[in-house]
Amino acid sequence: MQKLKVKIPASLADNYTVTVGSDFLSQIIQQVKKLLPGKELFVITDSNVAKTKHLKGLIGKEKISVYVINPAGEKSKNINTIIKIIDTMEKNALGRDTAVIAVGGGTVGDMAGFVGAIFKRGIDVIQIPTTTVAQADSSIGGKTGVDSKISKNAFGAFKNPKAVFVDVCTLKTLDEKQFNAGLVESIKHALIADAAYYKFICGNLNDILARKTKALEYIAVKNCRIKADVVEADPYEKNKRRILNYGHTIGHAIESASNYKILHGQAVAIGIIAANIIEQKLGLGGEKRIEELKELFRNLDIDLNVPKSITKKKILDIISRDKKAVQKWPRFVLIEKTGKVLCRDGEYAHKVERKVVEEVIDILLSQKY
Ligand SMILES: NC(=O)c1ccc[n+]([C@@H]2O[C@H](COP(=O)([O-])OP(=O)(O)OC[C@H]3O[C@@H](n4cnc5c(N)ncnc54)[C@H](O)[C@@H]3O)[C@@H](O)[C@H]2O)c1
Ligand SMILES: [Zn+2]
């Protein structure tokens, strides 16, 4: 018997730059051409973004093919859309020297990234995120994929982009509910990693909600730095990357139990409150913070009431099947204080007794918090 080692060299090729600014869409194509000389460009967007001025602002007079995903949103985030996109690319005779440019929210970014991961075994991807979720979260970190009939992101791959361009002015056309719900991921970032950032959000919420460019640029830079630091430390979610799931264990369960009728951000806001109640029960403190958070979410017009149709049994059933559950019980990411995630013996996700979690779910369902 012989053993041959295949050594895949660690390469700097996976490094990429996130550019944050405002009103610079018209410069991006030139920058992409410089970064990826000779590549054929193929834009993927959706029917809502295609209606805004952003797409024209980006493409100008360039001759670039555009694929418009229709209908926009999660409904289309499935393998059939991927097949249609790849069929179109083949009809356009595109090859391995193509770079796809995602212009849109997380659904467009996840689909375009997945196309980039699988088309001819992988082509370059550029992300131009246009929602608060995509600018804070999905455009960075390389997770891509689409949903199956049964579960979210059932098909997926890691595919790091070659560059990310965050133009905060694109957020000005986003509807208010989406805009506000997406900010929950920013609050999550602040809670797990940066107390000063948390203070900034609390103190400048009016400017953020008025979509003032300076405030949006500030939060975009903070979000990208925090997410990038975590992803650099743990690109494939072996351990530390799990901290990005703060508030997501119970949040996801509620989102899924509602059949995705409530927005992800709203579910995560409830999940963050749940994590805070767990922290209090475990003696980690944070009594003042929980009141601040409720106020913050109220100001974002986020309803913290769990829909009446959702039962305790349903939530327990879903969390016991959590992807990262150990012996059918999930691990919880917790913070020891604002801006500092709890790490014990090198572990970032912690066992919390069933009794404690059940009490917290009772509190959530009683809607008395
Ligand atoms: N890959 C990751 O790491 C990661 C992280 C978080 C979320 N996600 C995924 O992201 C998706 C959610 O992303 P999302 O919240 O951005 O949703 P989305 O892409 O569906 O966008 C929300 C809505 O806003 C519209 N829209 C987007 N940009 C707009 C703009 N500038 N102006 C007007 N309308 C605009 C879209 O057409 C859509 O109707 C989910 O599928 C989730 O799984 C992925
Ligand atoms: Zn999230």
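Residues numbered from 1 in each chain as written. Chains lettered and ligands numbered in written order. Predicted model: local features only at pLDDT ≥ 70, side-chain atom pairs only at ≥ 80, totals over all residues.

**Q** Would you explain the site of ligand 1 in this entry?
**A** Around ligand 1, the surrounding shell holds 28 residues, and the nearest of these are Asn 48, Ala 72, Gly 105, Gly 106 and Ser 138. Elements represented by at least two residues in the shell around ligand 1 include exactly α2 (47-51), α5 (106-118), α6 (132-138) and α7 (176-193). In terms of residue class, the shell around ligand 1 is made up of 6 nonpolar, 15 polar and 7 charged. (Near = placed C-beta within 6 Å. Helix = DSSP H or I, 4+ residues; strand = E, 2+ residues; numbered from the N terminus. Nonpolar A, V, L, I, M, F, W, Y, C, P; charged D, E, K, R; others polar.)

**Q** Would you explain the environment of Asp 97 in this entry?
**A** Note that Asp 97 resides in the loop between α4 (79-91) and β4 (98-104). A count of 12 C-beta atoms within 10 Å places Asp 97 in the exposed class. Sequence-wise, Asp 97 and Asp 124 are 27 residues apart; in three dimensions their C-alpha atoms are separated by 8.2 Å. With sequence-adjacent residues up to four places away left out, Asp 97 is seen in contact with Gly 38, Lys 39 and Glu 40. (Buried ≥ 20, exposed ≤ 12 C-beta atoms within 10 Å, placed from the backbone. Contact = placed C-beta atoms within 7 Å.)

**Q** Looking at this structure, I do not really get the packing of helix α11 (residues 248-257) against helix α12 (residues 264-281). What am I missing?
**A** Each pair of packed helices can be summarised by the angle the axes make with each other and by the distance between the axes. Here α11 crosses α12 at 135°, and the two axes come no closer than 7 Å. Judged by the inter-axis angle, α11 sits oblique to α12. Crossing hand, α11 versus α12: right-handed. Listed contacts from α12 to His 248, Thr 249, Ile 250, Gly 251, His 252, Ile 254 and Glu 255 of α11 are His 264, Ala 267, Val 268, Ile 270, Gly 271 and Ala 274. Counted by class, the contact of α11 with α12 contains 6 nonpolar, 6 polar and 1 charged residues. (Axes fitted to C-alpha atoms, helices over the stretch in contact; angles between N-to-C directions. Parallel < 35°, antiparallel > 145°, perpendicular 65-115°, else oblique. Left-handed = near helix turned anticlockwise from the far one by under 90°.)

**Q** Help me understand the domain arrangement of the chain in this model?
**A** How big an interface is tends to be stated in terms of accessible area lost as the parts join. Here the domain parsing of the chain yields domain 1 (16-174) and domain 2 (177-235 + 246-366). Between the C-alpha centres of domain 1 and domain 2 there is a distance of 27 Å. Contacts between domain 1 and domain 2 engage 19 residues on the former and 19 residues on the latter. Per-element tally for the side of domain 1 that touches domain 2: the top contributor is α6, with 5 residues. When its residues are assigned to classes, the side of domain 1 that touches domain 2 shows 10 nonpolar, 6 polar and 3 charged. (Domains from an automatic or database assignment.)

**Q** Explain helix α8 (residues 195-203) to me, please; I cannot follow it from the model alone.
**A** Taken as a whole, α8 has its buried residues at Tyr 197, Tyr 198 and Ile 201. Down the axis of α8, the sector holding all buried residues measures 105°, keeping them to one side. Residues of α8 that are exposed and angled more than 90 degrees away from the buried face: Ala 196 and Gly 203. Tucked inside the fold, the buried residues of α8 contact α7, α9 (205-209) and α10 (213-233). (Arc of directions from axis to C-beta.)

**Q** Explanation requested: the pairing of strand β8 (residues 163-167) in the structure shown.
**A** It is a general feature of regular strands that their side chains alternate between the two faces of the sheet. β8 sits mainly inside the fold: 5 of its 5 residues count as buried. Burial of β8 is two-sided: the residues Ala 163, Phe 165 and Asp 167 facing one way and the residues Val 164 and Val 166 facing the other way are all buried. Pairing of strand β1 (residues 17-21) with β8, which is carried by 5 bridges, proceeds in the parallel orientation. If you follow Thr 19 over to β8, its bridge partner there is Phe 165. Strand direction decides the pairing type here: strand β5 (residues 124-129) and β8, joined by 2 bridges, are parallel. Bridge pairing in β8 places Gln 127 opposite Val 164. (Pairing = 2+ DSSP bridges.)

**Q** So what exactly am I meant to see when it comes to unusual backbone geometry here?
**A** Peptide bonds are, in most cases, trans, and in most cases residues other than glycine have a negative phi. Of note, the bond from Asn 70 into Pro 71 is cis; its omega dihedral lies within 30 degrees of zero at 0°. Topologically, Pro 71 is positioned in the loop between β3 (65-69) and α4. Phi is positive for Glu 237, close to 55°, though the residue is something other than glycine. Tracing the backbone shows Glu 237 in the loop between α10 and α11. A positive phi angle, close to 60°, is found at Tyr 260, a residue other than glycine. Along the chain, Tyr 260 falls in the loop between α11 and α12.

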